[in-house]
Structures are given as C-alpha cells and as structure tokens.
Amino acid sequence: MCGITGYIGKNKNAINVVINGLESLEYRGYDSAGIAYVLNNKVNIIKEQGKIVNLKNKIDFNIQSNLAIGHTRWATHGEPNQINSHPHSQGKFTIVHNGIIENYLELKQELIENGYKFKSSTDTEVACTYMDFIYSKNNNILKTLNEVSKVFRGSYAFGIICEDDLDNLYALRKTSPLIIANGNNENYIASDVPAILRYTNKYILLDDMEIAKINSDKVVVYNQNLEIVKKEILEFEGSFESSMKCGYEHFMLKEIHEEPSVFKNTINAYFDGDFKNIPDLTKYNNIHIVACGSAYHAGLVGKYLIEKYANIPVYVEVASEYRYKHNFYDKDTLVILVSQSGETADTLASLRMVKEKNIDTLSIVNVVGSSIARESKYVIYTKAGCEIAVATTKAYLAQISVFALITMYLSNNKSKEILEEINNIPNLLEEIINIDYKNISSEIYQNQNIFFIGRGIDYSICMEGSLKLKEISYINSVAYQAGELKHGTISLIEKNTPVVALCTDDSLLEKTISNIKEVKARGAKVIFITTSDIEGDFYDFKVNVPKVNELLQPIITIVPLQLIAYDVAKLNGCDIDKPRNLAKSVTVE
Ligand code: AGP
C-alpha cells in the first residue's frame, strides 16, 4: 500500500538513491512522501503532501549523506496531509512504515500515560514512539525491535534509524513486503524490486518478525530469538530498463505491448507440447479460487474453463468475503490463490486461514518470493515481469494464460492443435494491440455511465473490461450478464448510453444479439466486440477479434477492452499509471 526505501553506503548520495527509489515505488501510493537523512550525526526529516515531485522541490540535493530512509504514502490512518506523512520520529527513533498496526490505539494510550505526546493521527507515529519507549528501558536496539515485533499486531515493514547507532540502518517486517538489496560497500531496503533495480538485482527476503542490521559492508539478520540467520541471495530476473517506460507515454501502454512476450514466456515456462513445472493437481476433485479485483476476474475465467473442460466443480470468491464465510472443504479440495503482487492482505489472510485447515494451496503469483508465493504449498509464477501501472493488464493476461494451462493439464489436453494455436497467439496479440480504437474511445469518453454486457465467459471478460475503465478513467461502468439486463438495469439505458457487447461464443450469438437489440431500441450506442462476421444495424461500432480455441479466447478478447480504457482515460486527462485513491498492492484489509 505504501512504498518504503532506504540506503546505507559509501559510494552514493543516500538522498539521491532514496528519492530515485521512491519514484520507482510511487505506484504503491502517492498521497504524500518524505525522507529522513543523516548529516553530521543528526537525523533530518523533510516530508510533503502530494506526489514525490512536491518533496523534491524542498530538497537541497547538494547535501551529501550516507544513510537515508524514504516513504511514499497511501493513507490508511489519518488524512493524507504533511503532518501524517512519513518519516515519523520520536525520541531516538525515526521510521518509515508500510502496513497497519491494528493495536495502535491501546499502545497510544499506554504511551500517553507514560508522558509521550503525539503530533499526527497515524499508527506509525505510535509504533515509533513505542520503540523509543521500550528502548528507554533496555537501551538495546535489537532487543527493542525484537520486543516491539511481538507487541505490534497487524502488518509492518519498517525502515528504522536510531540516533544512538548511525552506522547502521535497521529493518523489521511482518506480512508487508520488504527486500534487502546488496551492493558493493552499500546496501538498500525497499518494498519492491523496482526501487533498487538500477543499482543491483541481488537481494534477500526477510521472513516475518526477522530483524536486519544493515551497514555499508554487511547485512546481519536475526530471528525472533535474536540468533543470526543465514539468508539466500536471490537474483531478480528482469532488468531496470524492463521496469521503466522505454519510450512509451505510460507504463500501462508499455505493459499492454509486452503482452505477446508475456504470454509466450508464461506458457513456455510450463508447456512445450508437454507439461513441465506444474505440481501434481490430478488428485483434487473440488477447487476454490480466491483473489481480489482483476485477479478475481481471472479466477472467473478459470472457473469457466476448468468446469467446462476438466469437469471439476470450481467455487470462486473475493478474498475479503471468503475469509469470513463458511466454506466447504474435503480432503481433495484445492484452494487456488491468485495475486499479481503476492502481498494482497485479504488474499494472504485467506491463504493462512485455509492452511490452518490443512487444505492444499496453489498460488498463481507474479512477484517471485512474495508472501503468498512463499506460504503456499505450490506456486505457479506468471512471467509478466515487473508490472508498474496500478491497473493490471499483462499480469491479468498472464493469469488467464495460466488458467488455460491448468485446464489443459487437468484435462490432459496436449494436442498438436492446441500447441499450434498457442504458438500463434503472440502474433494475434500483436495484431489486435496495433489496431487503433480511438474512433470508439472518442465517442464514449464524455459519458458518465458505460455498460458492458456478455454471456458465459464473455461476462467474465466484461467484468475485467469494466474495472479497467473505471479505475483509470473514473467513469462509472458496470458489467452485466447480457440475459440479465432486462430484469431491471435496462431502465438505465437512454439515448447514447454506451454499451460494450461481447460475443465470442457462437452458441450464444443469437441470444446476445437479441440483448443488443433490446438496448439499441432504447437509444444505446453499441460497441460490438465479437469473433462473428455477422453484419447488421444493431451496433454502432464493431470490433472483430480473431476466433481461437475457447481456452485461449479470453487472452485475445480482453486486449481491445484494455486499450479502449487506456484511450478513454487519456482523453479524460487522467493519471493513467497512478489513478487517484488507488495503489498497486493492497497490503491492508
Ligand atoms: C487491477 O487493475 C487492480 N489494480 C486491482 O483490482 C488488483 O487486481 C487487486 O488489487 C489484486 O491485486 P493482486 O493481484 O496484487 O493481489
């Protein structure tokens, strides 16, 4: 939800490194930003409401520092103003924080009773104050962090500076992501890989409640018993360039254009005419798919395909509901968790709930080594690379590609025909990505209500297309089962109401056209996206998408919807990569 980063080293100016890192993490939240840097044995804090550019305008970059931490915020506690922005400091401690301390109010009361005063309304200031409070009793930083790690309930990734030890940067995490990256005579902390990729692709992952003591030469990690633990050095597969815009106006457009290679890389990792690197899933006769947002929409596609072609019942639920519902399991139930970031709090909580019931779990995740990936019994990584735009495109496409693979695996479909179709998908994607949809987006961008209708698997695609449009163009849109519209919602259709109608299933074409004519008769402006070559006066715009095997059809059909959403948002002058109120990874509940 927020982005934190930090640097300690001899080679670079910590201020530059931290600000560059924050700019790479801005997709994680951009309500405010701040930096704390050490100069002449003093900790200095600069922080500002709004985007990082506002913070940069307050910084003198001629100042040289070798230790700094930074934060870009998606507000959870307290409005997104300057006082509530991070870093927060109290006594000897200055910290940045990603996550939520759920018991912060009871801790705040205890601290007030011990004479502390507060400036902000944040949980993070309470956490910082509690560190100072415990430290004032034991005068030992490691013991302090170990003790608070057990007191704080909720989620946290902290970057910590203590003025009694300015030769070290400390880090501590539970549930919220935090990586420690290793350079030569310098080390970094960050919420996510893009913040450090320009410097190094080597990093280690902290496990829950581990403490890292970091200086320019070494990183020492302690477990909950304050014993030193050895950590594996990981290498990120992508490059810094691959996580930057590379000439595209927006990350979202770049990432859509990466979809042909993302599909190829994802498929090739698990199928080359035979299956590989897929766990044995054949014993399961009941599947639950749990996810949020677009990942949930990918799960709906998975449900449709697995039920139809593998003949296994599938139950799909949003994670924030699933974790509180009464769900039904048996020994052959498999719970599949889908998550691009691998850190979504509700999805992670659902995973942990299911594991407590000793149910097998498979996660479909994009970020290697993320919490959901590490805590699942099995993991199938999507190969989408770094996805920076808050609105997911290539990662969603990779998720539905994995569901096609899983369906093929469960139905033992490795026919020559499907392999040939798979091999042709990247070319077809290139074709439809390079079609200009601006004649459509220019017709609809000024509308305030837009409808998406479809039947069967097309309805699942409509849900994703509608979310894309909503989240980046701020236009209210809704996806509806085409056959359901006349049971109420059609009352909202009036002259020029845009209706995007999908039909890629020939068996549903006639009925879908009837539904289209119903809205057309009431004045709707119809955008008909279909594999059919039928012509008629029941639509205003028609987009023909190539007909492919139904397992792969969603991969094709979603692309025009992604690009139309992009064009509409651009016409509306929206911040496409960083839409208001959103963040890339929702690590709070
Ligand atoms: C997608 O465009 C949204 N940004 C959002 O719905 C996202 O899919 C959802 O928050 C789940 O994120 P995850 O895949 O990282 O778990």
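Quick caveat, the model's predicted, so the values are computed rather than measured.

1. Quick look at the site of the ligand
- Neighbouring the ligand are 15 residues, the closest being S339, Q340, S341, T344 and E471.
- Here S294 contributes a backbone N or O atom positioned 3.1 Å from an oxygen atom of the ligand.
- Residue S339 places a side-chain N or O atom 2.7 Å away from an oxygen atom belonging to the ligand.
- Out of a free accessible area of 410 Å², the ligand has 91% covered by protein chains.
- Those elements that place two or more of their residues in the shell around the ligand are α8 (293-310) and α15 (457-473).
- When grouped by side-chain class, the residues that make up the shell around the ligand number 6 nonpolar, 7 polar and 2 charged.

2. Notes on the packing of aromatic side chains
- The final tally for this structure, using the stated rule, is 15 aromatic pairs.
- Ring pairing ties together the aromatic residues Y116, Y130, F133, F152, Y156 and F158, which thus form one cluster.
- Here the guanidinium or amino end of K108 rests over the ring plane of F118, the centre of that ring lying 5.1 Å away.
- Cation over ring: R580 sits above Y474, and NZ or CZ is 3.7 Å from the ring centre.

3. Quick look at the side chain of S341
- By secondary structure assignment, the location of S341 is in the loop between β18 (333-339) and α10 (345-356).
- The class for S341 is buried, based on a relative accessible area of 9%.
- Of the polar contacts made by the side chain of S341, one reaches the backbone nitrogen of E343; its length is 3.1 Å.
- Beyond its immediate sequence surroundings of up to four residues, S341 is in contact with V367, S370 and S585.

4. Observations regarding the pairing of strand β9 (residues 179-182)
- The alternating pattern of β9 places I179 and A181 and I180 and N182 on opposite faces, both of which are buried.
- Across 4 bridges, β9 lies against strand β10 (residues 186-190) in antiparallel orientation. Looking at β10, one finds that N182 is bridged to N187.
- Connecting β9 to the next strand, β10, in antiparallel fashion are 3 residues, including N185 with a positive phi near 60°.

5. Topic: the sheet that holds strand β12 (residues 211-214)
- Pairing in this open sheet of 7 strands is antiparallel, and the strands run β5-β6-β7-β8-β12-β13-β14 from one edge to the other. Of all the strands in the sheet, the pair left with one neighbour each is β5 (88-90) and β14 (228-229).
- The sheet contact formed by β12 and strand β13 (residues 219-222) spans 4 bridges and is antiparallel. Residue pairing across strands places I214 opposite V219, the latter belonging to β13.
- Helix-sheet contacts for helix α4 (residues 123-138) involve β5, β6 (93-101) and β7 (154-162), and the interaxial angle to β6 is about 130°.

6. Quick word on the side chain of S460
- With respect to the helices and strands, S460 occurs in helix α15.
- Judged by relative accessible area, which is 7%, S460 ranks as buried.
- If near-sequence neighbours (up to four positions away) are discounted, S460 is found in contact with H297, L300 and V301.

7. Some words on the pattern of salt bridges
- Under the criterion given, the structure shown has 34 salt bridges.
- One salt bridge in this structure joins E210 and K231, with 2.9 Å as the shortest N-O distance. On the criterion of sequence distance, the pair formed by E210 in the loop between β11 (202-205) and β12 and K231 in the loop between β14 and β15 (234-235) is long-range, its members being 21 residues apart. Just as E210 is buried, K231 falls in that class too.
- One network of salt bridges, in which partners are shared, links R173, D208, R352 and E375.

8. Structural notes on the nonpolar core
- In this structure, L281, I406 and L552 are the most contacted members of the largest nonpolar core, which totals 106 residues.
- Setting aside residues up to four positions removed in sequence, L281 forms contacts with L334, L362, Y378, I406, Y409 and L410.
- Grouped together as the second largest cluster of nonpolar side chains are 30 residues, Y104, Y135, Y156 and F158 included.

9. Some words on the environment of N358
- With respect to the helices and strands, the residue N358 is situated in the loop between α10 and β19 (360-365).
- In this structure N358 comes out as exposed when scored by relative accessible area, which is 69%.
- Separated by 27 residues in sequence, N358 and K331 have C-alpha atoms that sit 8.6 Å apart.

10. Observations regarding the sheet that holds strand β17 (residues 314-318)
- Here we have 5 strands laid out as an open sheet, ordered β17-β16-β18-β19-β20, and parallel in their pairing. Looking along the sheet, the strands with just one partner apiece sit at the ends: β17 and β20 (378-381). The average angle at which neighbouring strand axes cross in this sheet is 20°, direction not considered.
- Summarising the sheet, strand β16 (residues 286-291) and β17 pair through 5 bridges and their orientation is parallel. Paired with A291 across the two strands is V318, which belongs to β17.
- Taken strand by strand, α8 contacts β16, β17 and β18, and its axis lies near 170° from that of β17.
- α10 rests against β16, β18 and β19 of the sheet, and its axis sits at about 160° to β18.

11. Here's the deal with the environment of S120
- Mapped onto the fold, S120 is located in the loop between α3 (104-113) and α4.
- Other than its neighbours up to four places away in sequence, S120 contacts I83, N84, H88, K108 and E125.
- Within the local environment of S120, its side chain forms a polar contact with the side chain of T122, the two groups lying 2.8 Å apart.
- In this structure the side chain of S120 is engaged in a polar contact, spanning 2.6 Å, whose partner is the side chain of E125.

Rules and cut-offs
- Residues numbered from 1 in each chain as written.
- Predicted model: local features only at pLDDT ≥ 70, side-chain atom pairs only at ≥ 80, totals over all residues.
- Heavy atoms only, no water.
- Near = heavy atom within 4 Å.
- Polar contact = N/O pair within 3.5 Å; in protein donor to acceptor, adjacent residues only side chain to side chain.
- Areas by Shrake-Rupley, 256 points an atom, 1.4 Å probe, with all protein chains shown as cover.
- Helix = DSSP H or I, 4+ residues; strand = E, 2+ residues; numbered from the N terminus.
- Nonpolar A, V, L, I, M, F, W, Y, C, P; charged D, E, K, R; others polar.
- Phe/Tyr/Trp six-rings, centres within 6.5 Å; stacked < 30°, edge-to-face > 60°.
- Lys NZ or Arg CZ within 6 Å of the ring centre and 35° of its normal.
- Buried < 20%, exposed > 50% of the residue type's maximum accessible area, 1.4 Å probe, protein only.
- Contact = heavy atoms within 4.5 Å.
- Pairing = 2+ DSSP bridges.
- Axes fitted to C-alpha atoms, helices over the stretch in contact; angles between N-to-C directions.
- Salt bridge = Lys/Arg side-chain N within 4 Å of Asp/Glu carboxyl O.
- Core = buried A, V, L, I, M, F, W, Y, C linked by side-chain atoms within 4.5 Å.

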